[in-house]
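Fold and geometry: a report
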Amino acid sequence: MPAQPLDRICYVEDDEDIQRIVRMSLERVGKMTVEVVGDPMVAIERITAFKPQLVMLDWMMPGMDGPTLFRKMLETPETKALPVVFITAKASTRELDQLRSLGAAGTLSKPFSPKDLPGQLRAIWAALP
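Here the residue numbering is sequential within each chain, running from 1 through the sequence in written order. In keeping with the model being predicted, local features are shown solely for residues with a pLDDT of at least 70 and side-chain atom pairs are shown and tallied solely at 80 or more, while totals for entire chains, interfaces and linings include all residues. Remark: hydrogens and water are excluded; side-chain values derive from all non-hydrogen atoms of the structure.

**Concerning the sheet that holds strand 5 (residues 106-109)**
Here a strand pair is declared whenever DSSP counts at least two bridges between the two strands. The helix count covers DSSP runs of H or I at least four residues long, the strand count covers runs of E at least two residues long, and both are numbered beginning at the N terminus. If you walk across this open sheet you meet the five strands as 2-1-3-4-5, and the pairing is parallel. Bordering the open sheet on either side are strand 2 (33-37) and strand 5, each of which pairs with just one other strand. Averaged over all neighbouring strand pairs, the angle between strand axes comes to 20°, with direction disregarded. Judged from the four bridges that link them, strand 3 (residues 54-58) and strand 4 (residues 84-88) form a sheet pairing that is parallel. Orientation is described by axes fitted as lines to C-alpha atoms, over the contacting stretch for helices, and by angles from 0 to 180 degrees between their N-to-C directions.

**What to know about the pairing of strand 2**
With four of its five residues buried, strand 2 lies for the most part within the structure. The pairing of strand 1 (residues 8-12) with strand 2 spans five bridges and is classified as parallel. Bridge pairing in strand 2 links V12 to V37. When the strands point away from the viewer and the connection leading from the first strand across the helix to the second strand turns clockwise, the crossover is called right-handed. Considered for its hand, the β-α-β crossover made up of strand 1, helix 1 (residues 16-29) and strand 2 is right-handed. Classification of residues uses two cut-offs on accessible area relative to the type maximum, computed with a 1.4 Å probe and protein chains only: under 20% is buried, over 50% is exposed, and between them is partly exposed.

**Considerations on helix 5 (residues 117-127)**
Within the sequence span of helix 5, burial applies to L117, P118, L121, I124 and W125. Take helix 5 and look down its axis: the buried residues cluster within an arc of 125°, on one side only. Working note: the arc is built from the helix axis to C-beta atom directions.

**A short note on the packing of aromatic side chains**
Pairing of aromatic side chains requires ring centres within 6.5 Å, counting the rings of Phe and Tyr and the six-membered ring of Trp. Pairs whose planes differ by under 30 degrees are stacked, by over 60 edge-to-face, and all others tilted. In total, this model carries two aromatic pairs according to the counting rule given. Measuring from ring centre to ring centre gives 5.5 Å for W59 and F86, while their planes differ by 65°; the resulting arrangement is edge-to-face. With W59 in the loop between strand 3 and helix 3 (66-74) and F86 in strand 4, the pair connects residues that are 27 residues apart, well separated along the chain. Like W59, the residue F86 is buried in the burial classification. Between the aromatic rings of F70 and F86, the centroid separation amounts to 5.6 Å while the plane-to-plane angle is 85°, which identifies the pairing as edge-to-face. Highlighted residues: F70 in helix 3 and F86 in strand 4, separated in sequence by 16 residues. Under the relative-accessibility criterion, F70 is labelled buried at 1%. Using a relative accessible area of 0% as the deciding quantity, one classes F86 as buried. Criterion for a charge above a ring: Arg CZ or Lys NZ at most 6 Å from the ring centre, at most 35 degrees from the ring normal. One cation-aromatic arrangement involves R8 over F50; the distance from NZ or CZ to the ring centre is 4.0 Å.

Below is the structure:
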């Protein structure tokens, strides 16, 4: 279990409506600092600059999907150790198991409850080694 509380999250998501819902949920309900990145092509650069404790990745994005971005993060020294949580409506159980085997910290399904999201992330955070 990590020594400090979860309070810095980077969220990579191309849908502006979902960005707003997640930001509001995490900032207002969860009292967290959130960096939202709308373009997966610049995500690693922004994640490295922001230095989050945890990264949330949308599964389906134009340009680069979440699993591809996750694999690139694993190849990048500044991001390879960051816990990653996928938010998805479409992934199969097999795909999710594959990502967990690569080291994903967890997955959340869309639609999710904005009031429950901070608690769900904190539970994943608390379960980390």
